[in-house]
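A structural walkthrough
Below are the chains, spelled out letter by letter.
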Amino acid sequence: GAVVSQHPSRVICKSGTSVKIECRSLDFQATTMFWYRQFPKQSLMLMATSNEGSKATYEQGVEKDKFLINHASLTLSTLTVTSAHPEDSSFYICSASRGIRSLSEQFFGPGTRLTVL
Amino acid sequence: RKEVEQDPGPFNVPEGATVAFNCTYSNSASQSFFWYRQDCRKEPKLLMSVYSSGNEDGRFTAQLNRASQYISLLIRDSKLSDSATYLCVVNRSGYSTLTFGKGTMLLVSP
């Protein structure tokens, strides 16, 4: 199978702090990783797409300076929410794709629930 | 118009019932179609891909109507464990990104 892990699974922080979320593909190399956000009763919204070794591509309306993405290796991508505020509280989910030919097949991590007080 | 639209439900059905969900998509360039299942506070998991000729996987049948731009999912003999939110997902040709619908909630009761 293709397993993707995320860490931490849950984080509670004070307003103004930065939070780093890790996404790892455990048994395959992920050329592309995706970061999504899901608010209660809403659909998953793609935030950004990252390819290993290059800058992430952000979706319209997502601030790249606030949501820093690093995809330094084929098995690890990180999302840092800088200066988090209560409105950033959400469920953040990453996914990973194995290769160009199977780009539409994405394997999802278990998600990180962020609560900003 | 939203790219992917679904009736949010909830659909309340008894065990053993047959239930069907529809989903419409707006982008005619959409190439790949999927149904994902998402349990409460969990990540989405791929249920099945949807092929032009229609496909079946056990109690689940998916169909695609490109002319009308809608996708359907039929669940036969519903189980309690089928209770979840079902997400309709499309992917545009040449793009790696997936577009998710808001999901349709299914509640199967004893």
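Above: the structure in question.
A brief report on the enclosed structure follows. (Residues numbered from 1 in each chain as written. Chains lettered and ligands numbered in written order. Predicted model: local features only at pLDDT ≥ 70, side-chain atom pairs only at ≥ 80, totals over all residues. Heavy atoms only, no water.)

**Some words on the interface of chain B and chain A**
Of the residues lining the interface, 16 residues belong to chain B; the matching set on chain A comes to 19 residues. Buried surface at the junction of chain B and chain A, both sides included, amounts to about 1400 Å², of which 57% is carbon and sulfur. Run the count over chain B and chain A and you get one residue pair in polar contact (both at pLDDT 80 or more). The set of elements that each furnish at least two residues to the side of chain B that touches chain A consists of strand S4 (30-38), strand S9 (84-92) and strand S10 (98-100) of chain B. The dominant element in the side of chain B that touches chain A, judged by the number of residues it contributes, is S4 of chain B, at four residues. Residue composition of the side of chain B that touches chain A, by class: six nonpolar, six polar and four charged. (Contact = heavy atoms within 4.5 Å. Buried area = accessible area lost by both parts, 1.4 Å probe. Polar contact = N/O pair within 3.5 Å; in protein donor to acceptor, adjacent residues only side chain to side chain. Helix = DSSP H or I, 4+ residues; strand = E, 2+ residues; numbered from the N terminus. Nonpolar A, V, L, I, M, F, W, Y, C, P; charged D, E, K, R; others polar.)

**A closer look at the packing of aromatic side chains**
For any two aromatic rings, the description comes down to two numbers: the centre-to-centre distance and the angle of the planes. Across all of its chains, the model carries 11 aromatic pairs over all chains by this definition. Between the aromatic rings of Tyr-36 of chain A and Phe-108 of chain A, the centroid separation amounts to 5.6 Å while the plane-to-plane angle is 40 degrees, which identifies the pairing as tilted. Of this pair, Tyr-36 of chain A sits in strand S4 (residues 32-38) while Phe-108 of chain A is found in strand S10 (residues 106-108), placing the two residues 72 residues apart along the sequence. A relative accessible area of 0% places Tyr-36 of chain A in the buried class. Note on Phe-11 of chain B and Phe-21 of chain B: the rings are 5.2 Å apart at their centroids and 80 degrees apart in plane angle, and the pair reads as edge-to-face. Taken as a pair, Phe-11 of chain B in strand S2 (residues 11-14) and Phe-21 of chain B in strand S3 (residues 19-25) lie far apart in primary sequence, 10 residues in all. Connected via pairs of aromatic rings, a cluster forms that spans Tyr-36 and Phe-108 of chain A together with Phe-34, Tyr-36 and Phe-100 of chain B. The residue whose ring lies beneath Lys-66 of chain A is Phe-67 of chain A, and the NZ or CZ to ring-centre distance is 5.9 Å. (Phe/Tyr/Trp six-rings, centres within 6.5 Å; stacked < 30°, edge-to-face > 60°. Buried < 20%, exposed > 50% of the residue type's maximum accessible area, 1.4 Å probe, protein only. Lys NZ or Arg CZ within 6 Å of the ring centre and 35° of its normal.)

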